[in-house]
Amino acid sequence: MHELSEEEFNKQADQLQDQIEHAMDASGLDLDMEQREGSLVLMLAEGPRLVIGRQPASREIWLAAPDSTRHFGYRPGEGWLHDCDEEPLASVLSEILEDLTGEEIDLELDAE
């Protein structure tokens, strides 16, 4: 993955979390969101929580779901990609939300 400066990492992480918030607002899902210490917490009405958190030391975004935690690194022009299979964060988050809610979710997050 691309090595980001701390400043660029935080800029990209802030932008990602803003995009996720807007996408969740537009999705129509029954959930609450809040920012906690640099993490975006999605609280589904059914009970599960998802946490999209930043890990500055490794320059990664971690997506904590009820069954696992996945790590994403940044690649310019492609966005945040899973460290094992390079699947985009938007796809992974969509799949997790679909599994938890039973609703089809198509998140589009801009890669910069």
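Under an unreviewed UniProt entry, the name given to the protein is Iron donor protein CyaY, and the organism recorded is Halopseudomonas pelagia. Here the protein is described in UniProt, under the heading Sequence similarities (unreviewed entry), as follows: "Belongs to the frataxin family."

Caption draft 1: Up close: the sheet that holds strand 1 (residues 31-36). Judged by pairing direction, the sheet is antiparallel, and its six strands sit side by side in the order 1-2-3-4-5-6 without closing on themselves. Looking at which strands have only one partner, the edges of the open sheet turn out to be strand 1 and strand 6 (79-82). Here the average twist between neighbouring strands, direction ignored, is 25°. The strands that helix 1 (residues 6-27) touches are strand 1, strand 2 (39-44), strand 3 (49-55), strand 4 (60-64), strand 5 (69-75) and strand 6; relative to strand 3, the one it contacts most, it runs at about 160°.

Caption draft 2: Seen up close, a negative patch on the surface. A cluster of acidic residues, Asp-30, Asp-32, Glu-46 and Glu-103, forms a negative patch on the protein surface. For Asp-32, the location among the structural elements is in strand 1.

Caption draft 3: Region of the structure containing the pairing of strand 5. With five bridges connecting them, strand 4 and strand 5 associate as antiparallel partners. When the sheet's bridge partners are listed, Trp-62 is paired in strand 5 with His-71. Hairpin geometry of strand 4 and strand 5 is characterised by an intervening segment of four residues between the two adjacent antiparallel strands. With four bridges joining them, strand 5 and strand 6 adopt antiparallel strand pairing. Residue Phe-72 lies in a different strand from strand 6, and its bridge partner there is His-82. Hairpin connection of strand 5 to strand 6: three residues between the antiparallel strands, including Gly-77 at a positive phi of 80°.

Caption draft 4: Seen up close, unusual backbone geometry. One non-glycine residue with positive phi stands out, namely Glu-37, at about 50°. Structurally, the position occupied by Glu-37 is in the loop between strand 1 and strand 2. Look at Glu-37 and you get exposed, because its relative accessible area is 85%. Positive phi values are uncommon outside glycine, yet Glu-86 reaches one of about 60°. Tracing the sequence through the fold places Glu-86 in the loop between strand 6 and helix 2 (89-101). Here Glu-86 falls in the partly exposed class, since its relative accessible area comes to 41%.

About the cut-offs
Residues numbered from 1 in each chain as written. Predicted model: local features only at pLDDT ≥ 70, side-chain atom pairs only at ≥ 80, totals over all residues. Heavy atoms only, no water. UniProt positions renumbered as here; feature names shortened; annotations may be inferred. Pairing = 2+ DSSP bridges. Helix = DSSP H or I, 4+ residues; strand = E, 2+ residues; numbered from the N terminus. Axes fitted to C-alpha atoms, helices over the stretch in contact; angles between N-to-C directions. Contact = heavy atoms within 4.5 Å. Patch = residues over 30% accessible without salt bridge, like charges linked within 9 Å, V, L, I, M, F, W, Y side chains within 5 Å. Areas by Shrake-Rupley, 256 points an atom, 1.4 Å probe, with all protein chains shown as cover. Salt bridge = Lys/Arg side-chain N within 4 Å of Asp/Glu carboxyl O. Lys, Arg positive; Asp, Glu negative; His and termini not counted. Charge placed at Lys NZ, Arg CZ, Asp CG, Glu CD. Buried < 20%, exposed > 50% of the residue type's maximum accessible area, 1.4 Å probe, protein only.

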